[in-house]
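Observations on the model geometry
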Amino acid sequence: MAAGLAASVGMRGLSLASGQRLSILIFHRVLAAPDALFPAEVDAARFDRLMALVARSFNVLTLADAVRRLGQGNLPPRALCITFDDGYADNHDIALPILQRHGLSACFFIATGFLDGGRMFNDSVIECVRRSSAKRIDLAEFGLGVFDLGTPQRCVAAISTLLPVIKYMGPAQRQAALQRLQQHCQPSPLPNDMMMTRAQVRAMHAAGMEIGAHTVQHPILNLVDDAEAERELADSRSLLQNLIDHPVALFAYPNGRPDKDYGHRHAVIAARLGFAGAVSTAPGVAAPGSDVFQLPRFTPWDMSPVPWLARLVAKRRGGPFQIARPATA
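Residues numbered from 1 in each chain as written. Predicted model: local features only at pLDDT ≥ 70, side-chain atom pairs only at ≥ 80, totals over all residues. Heavy atoms only, no water.

1. What about the overall build of the chain?
Rules: We count a stretch as a helix when DSSP gives it H or I for four or more residues in a row; a strand needs E for two or more, and each element gets its number in order from the N terminus. Put simply, the radius of gyration uses C-alpha atoms, and a globule should come to 2.2 Å times the residue count raised to 0.38. Here the term buried applies to any residue with accessible area under 20% of the maximum for its type, exposed to any over 50%, and partly exposed to those in between, with areas from a 1.4 Å probe on protein chains only. Accessible areas in this description were obtained via Shrake-Rupley with a 1.4 Å probe; residue shielding takes into account the shown protein chains only. Working convention for charge: Lys and Arg count positive, Asp and Glu count negative, and His plus the chain ends are omitted. Charge positions come from single atoms, namely NZ of Lys, CZ of Arg, CG of Asp or CD of Glu.
Helix and strand content of the chain: eleven helices and nine strands. Expected size for 329 residues packed as a compact globule is a radius of gyration near 20 Å; at 20 Å, the chain falls within 12% of this value. Each of the 329 residues in the chain was classed as buried or not, and the buried ones make up 52%. Summed over its atoms, the accessible surface of the chain is roughly 13700 Å², and 53% of this surface lies on carbon and sulfur atoms. If the 33 positive side-chain charges of the chain are averaged to one point and the 28 negative ones to another, these points end up 7 Å apart.

Below, the structure written as structure tokens:
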């Protein structure tokens with residue numbers, strides 16, 4: 001009933017915001033069941049409800065088609081794309097069957113350096129703390145204090161404090177910091193099955209899903225020089241193209257905040273390498289005339305369908321998002 005009400009509310013709102021607008025949803029994981037540490041993370045039941053709502057309320061396009069139609073100025077009404085970042089195994093195991101059940105497609109941006117048993121830095125932080133055998137850890141060397149890990153809430157506080165510190169380290173410094181964190185936490189063995197295998201990426205492509213590049217090691221591009229940034233883009237695309245035997249034309253910037261995480265020069269690199277478009281994490285909607293190499297993405301975090309859809313419609317009605325370009329662009 002809630003989903004039906006959401007669809008009814010949404011269609012009325014979308015009729016006022018249908019114009020030439022493109023919403024691009026961004027997800028990372030779809031968990032089998034709610035996570036005690038992060039209950040707001042999308043799980044299978046919630047994702048299924050949201051995709052049922054999306055299928056009834058929007059014209060879901062592949063991202064490649066949406067980029068092409070943005071350029072042509074002929075987006076359909078209620079245009080929307082679905083994207084996933086990083087390449088988690090649950091994208092294949094859990095999200096894919098749900099998407100197929102609702103007749104939907106999505107673009108999956110893969111950080112290729114973590115395929116076949118790798119682990120993203122943020123998951124190393126989370127799992128170190130979650131599985132810590134120490135009840136208190138002293139993180140003075142990170143410029144932080146002593147953290148009590150005795151309750152889930154305190155674990156979340158430690159994780160939330162650590163993540164932004166380690167995120168903005170250079171790749172080598174980040175790896176060294178993760179090794180020191182493990183020494184502090186002395187965790188039980190960390191999982192090595194969180195990310196997709198090469199076989200799962202091929203299966204996603206064979207199932208009709210789009211595969212996009214997301215660099216190799218997921219660096220903050222503003223923290224590496226331009227030559228290294230270009231290698232990250234080119235090498236990730238090359239590996240994926242060889243893996244699926246199909247062109248990879250789309251890219252997602254790691255972390256994705258304009259100016260903070262990447263700059264206009266990285267959009268220029270993506271265009272020069274032959275990508276057709278790229279997505280950021282700047283919240284908003286796109287429209288004809290938007291920079292296809294800096295497309296915004298927005299997914300409401302509301303837990304129930306009615307406010308989730310209402311917030312998504314409100315973002316569409318707010319007008320297209322534009323990233324200011326340098327005067328020399």
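2. Considering the environment of leucine 25
Note that leucine 25 resides in strand β1 (residues 22-27). Overall, the relative accessible area of 0% leaves leucine 25 in the buried class. Considering only alpha carbons, one finds leucine 25 and proline 191, 166 residues apart in sequence, at a separation of 28 Å.

3. Concerning the packing of aromatic side chains
As a reminder of what qualifies: Note on aromatic pairs: the rings of Phe, Tyr and Trp (six-membered ring only in Trp) are paired at centre separations within 6.5 Å, and the planes decide the class, stacked below 30 degrees, edge-to-face beyond 60, tilted for the rest. Working rule: Lys NZ or Arg CZ, within 6 Å of ring centre, within 35 degrees of ring normal, means a charge sits over the ring.
On inspection of all chains with the given rule, the structure shows seven aromatic pairs. On the basis of an interplanar angle of 45 degrees and a centroid distance of 5.6 Å, the ring pair of phenylalanine 251 and phenylalanine 275 is categorised as tilted. Placement of the pair is phenylalanine 251 in strand β8 (residues 250-252) and phenylalanine 275 in the loop between α10 (264-272) and β9 (277-279), with a sequence separation of 24 residues. Summarising the burial analysis for this pair, phenylalanine 251 and phenylalanine 275 share the class buried. When the ring centre of phenylalanine 275 is taken as reference, the NZ or CZ atom of arginine 237 above it lies at 4.7 Å. In this structure, lysine 315 packs its charged tip against the face of phenylalanine 298, placed 4.8 Å from the ring centre.

4. Concerning the pairing of strand β3 (residues 79-86)
Note the cut-off: Note: two strands are recorded as paired if DSSP finds a minimum of 2 bridges between them. Crossover handedness is defined here as right-handed if the route from the first strand over the helix to the second strand goes clockwise, with the strands pointing away from the viewer.
The buried fraction of β3 is high, at eight of eight residues. Strand direction decides the pairing type here: β1 and β3, joined by six bridges, are parallel. Its bridge partner being in β3, isoleucine 26 is matched across the sheet by threonine 83. Two strands pair when backbone bridges link them, and strand β2 (residues 59-60) and β3 are joined in this way by two bridges, in the parallel orientation. Residue asparagine 59 lies in a different strand from β3, and its bridge partner there is alanine 79. Taken together, the four bridges between β3 and strand β4 (residues 107-110) define a ladder with parallel strand orientation. Following the sheet pairing, phenylalanine 84 is matched in β4 by phenylalanine 108. Between the parallel elements β3 and β4, the chain passes through helix α4 (residues 89-101) in a crossover that is right-handed.

5. Brief notes about the nonpolar core
Selection criterion: We define a nonpolar core as any set of buried Ala, Val, Leu, Ile, Met, Phe, Trp, Tyr and Cys residues linked to one another through side-chain atoms lying within 4.5 Å.
Phe47, Met51, Ile82, Phe84 and Leu99 are the most contacted members of the largest nonpolar core, which has 71 residues in total. Element by element, the count of residues in this core is highest for helix α2 (residues 44-57), at six residues. By size, the runner-up hydrophobic cluster in this structure holds 25 residues, among which are Leu37, Val129, Leu163 and Leu178.

6. Some points on the packing of α4 against helix α8 (residues 198-206)
Filter applied, for reference: Each axis is a line fitted through C-alpha atoms, taken for helices only over the stretch in contact, and angles between the N-to-C directions span 0 to 180 degrees. Any angle between 65 and 115 degrees counts as roughly perpendicular, while under 35 counts as roughly parallel, over 145 as roughly antiparallel, and the rest as oblique. Left-handed describes a crossing whose near helix is turned anticlockwise from the far helix by less than a right angle; the clockwise case is right-handed. By definition, residues are in contact when any of their heavy atoms lie within 4.5 Å. Any residue that is not Ala, Val, Leu, Ile, Met, Phe, Trp, Tyr, Cys, Pro, Asp, Glu, Lys or Arg is counted as polar, Gly included; the first ten are nonpolar and the last four charged.
At their nearest, the axes of α4 and α8 sit 9 Å apart, and the two run at 40 degrees to each other. The angle between α4 and α8 falls in the class oblique. α4 and α8 meet at a crossing whose hand is left-handed. From α4, Ala89, Asn91, His92, Asp93 and Leu96 reach across to α8, where they touch Gln200, Ala203 and Met204. Partitioned by chemical class, the residues of the contact of α4 with α8 number four nonpolar, three polar and one charged.

7. Looking at the side chain of threonine 215
Inspection of the secondary structure assignment puts threonine 215 in the loop between β7 (210-213) and α9 (226-244). Relative accessible area serves as the criterion here: at 0%, threonine 215 is assigned to the buried category.

8. Description of the pattern of salt bridges
Rules: A side-chain nitrogen of Lys or Arg and a carboxyl oxygen of Asp or Glu constitute a salt bridge if their distance falls within 4 Å.
Here the structure, examined in full by the defined rule, presents 15 salt bridges. The residue aspartate 48 makes a salt bridge to arginine 101 at a minimum N-O spacing of 3.1 Å. Of the two residues, aspartate 48 sits in helix α2 while arginine 101 sits in helix α4, which places them 53 residues apart along the sequence. Assessed through its relative accessible area of 23%, aspartate 48 is described here as partly exposed. Judged by relative accessible area, which is 54%, arginine 101 ranks as exposed. Between glutamate 230 and arginine 272 there is a salt bridge, with its nearest N and O atoms 2.5 Å apart.

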